[in-house]
Amino acid sequence: MSIVVPRKRITYPETDGKPMAETDWHYKSVTNTRFSLEWHFRGREDVYVSGNLFVYYEEGNPRKCVAPDVFVVFGVPKRPRRVYLVWEEGKGLDVVFEFTSKKTRREDFGRKMDIYRGILGVQELFIFDPLREYLMPPLVGYFRRGEKWVREEAGEGRLVSEVLGLEVVVEGERLRLYDPKTKNFLPSPEDLLQGT
């Protein structure tokens, strides 16, 4: 005779009580980038764009999570989520954007980078310092080349994302996304409000 012990229900928190962004510049960077990517992939039901959402990467351990500023996943349904559970989705993240500051620098280039590179299998990571507090040039990219990540600095304020098919461009304190196929920048909410 065997005894079945019901599994304890594990709760994966949706928030940590911390603010979403350091400053207005960081907040606008996050929201503009997320909006632009959602707009770009609006016709694709197999592309999920999100940000500041907990990504849990170890089933049964609610402490094993990370919250990227903005991320893109190909090959999963586009639908609202409370959290992203890697084992249920069947894959990690493809592209991540982090908007860094002196306060978040250690985490952005330490723990988060280790998780993106080693656990989640991120193909491309873009780190942007909108206030130029410590990162010069203010945009760097990390690209998976086999088992290694290669760091590239934004020559002339521009990096190419092969995964997204876009260029990531520094324009003053803004990060913009440029579509080389249409030869246009992707719109942000600010652009649409200003009619540009």
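All of these numbers come straight from a predicted model, not from anything done at the bench.

Trainee: So what's going on with the packing of aromatic side chains? Which residues, and what values?
Mentor: Here the distance between the centres and the angle between the planes together describe a pair of aromatic rings. Using the criterion set out here, one finds 12 aromatic pairs in the structure. Centroid distance Tyr48 to Tyr84: 6.2 Å. Interplanar angle 10°. Geometry classified as stacked. Pair noted here: Tyr48 is in strand 1 (residues 47-50) and Tyr84 is in strand 5 (residues 84-85), with a separation of 36 residues, a long-range link. There is no split in this pair, since Tyr48 and Tyr84 are both buried. Each ring, one from Tyr178 and one from Phe185, has its centre 5.2 Å from the other, and the planes form 70°; the classification is edge-to-face. According to the relative accessible area criterion, Phe185 is partly exposed, its value standing at 30%. The ring of Phe185 is capped by Arg176, whose NZ or CZ atom sits 4.4 Å from the centre of that ring.

Trainee: How would you explain the sheet that holds strand 5 if you had to name every residue and give the values?
Mentor: If you trace the three strands from one edge of the open sheet to the other, you get 3-2-5, paired in mixed fashion. The open sheet terminates on both sides in strands that have one partner only, identified here as strand 3 (65-66) and strand 5. Relative to strand 3, strand 2 (residues 55-56) runs antiparallel, the two being bridged by two bridges. What sits directly across from Val55, in strand 3, is Val66.

Trainee: Explain unusual backbone geometry residue by residue, including any values.
Mentor: The omega torsion of the bond from Met136 to Pro137 falls at -5°, within 30 degrees of zero and hence cis. Positive phi, normally seen in glycine, also occurs at Glu156, with a value near 55°. If you trace the backbone, Glu156 turns up in the loop between strand 9 (148-153) and strand 10 (158-161). Accessibility expressed as a relative area gives 84% for Glu156, which makes it exposed. The phi torsion at Lys183 lies on the positive side, around 60°, for a residue other than glycine. Following the sequence through the fold, Lys183 ends up in the loop between strand 12 (174-179) and strand 13 (184-185). For Lys183, a relative accessible area of 59% gives the class exposed.

Trainee: I'd like to hear about the pattern of salt bridges, residue by residue, with values.
Mentor: Under the defined criterion, the tally for this structure stands at 16 salt bridges. Of the charged contacts, one joins Lys91 and Asp94 as a salt bridge, the two residues approaching to 2.9 Å between their closest N and O atoms. Accessibility expressed as a relative area gives 11% for Asp94, which makes it buried. A salt bridge links Arg176 to Asp191, with the shortest nitrogen-to-oxygen separation between them at 3.2 Å. Pair noted here: Arg176 is in strand 12 and Asp191 is in helix 5 (residues 189-194), with a separation of 15 residues, a long-range link. Residue classification places Arg176 among the buried residues on the basis of a relative accessible area of 10%. Among the charged side chains, a salt-bridge network with shared partners connects Lys28, Glu171, Arg174, Arg176, Glu190 and Asp191.

Rules used throughout
Think of each chain on its own: its residues are numbered from 1, step by step along the sequence as written. Local features in this predicted model are restricted to residues whose pLDDT is 70 or higher, and side-chain atom pairs enter the listing and the counts only when it is 80 or higher, whereas totals over whole chains, interfaces and linings include all residues. Each side-chain value is worked out from all heavy atoms of the structure, with water and hydrogens disregarded. We call Phe, Tyr and Trp rings a pair once their centres come within 6.5 Å, taking the six-membered ring for Trp, and we label the pair stacked below 30 degrees between planes, edge-to-face above 60, and tilted otherwise. Secondary structure elements are taken from DSSP: a helix is a run of H or I of four residues or more, a strand is a run of E of two residues or more, and numbering for both begins at the N terminus. For every residue, the accessible area obtained with a 1.4 Å probe (protein chains only) is divided by the maximum for its type, and the residue is called buried under 20%, exposed over 50%, and partly exposed between those limits. The criterion for a charge sitting over a ring is simple: Lys NZ or Arg CZ within 6 Å of the ring centre, and within 35 degrees of the ring normal. Two strands are counted as paired when DSSP detects at least two bridges linking them. Between Lys or Arg on one side and Asp or Glu on the other, a salt bridge is scored when a side-chain nitrogen of the former is within 4 Å of a carboxyl oxygen of the latter.

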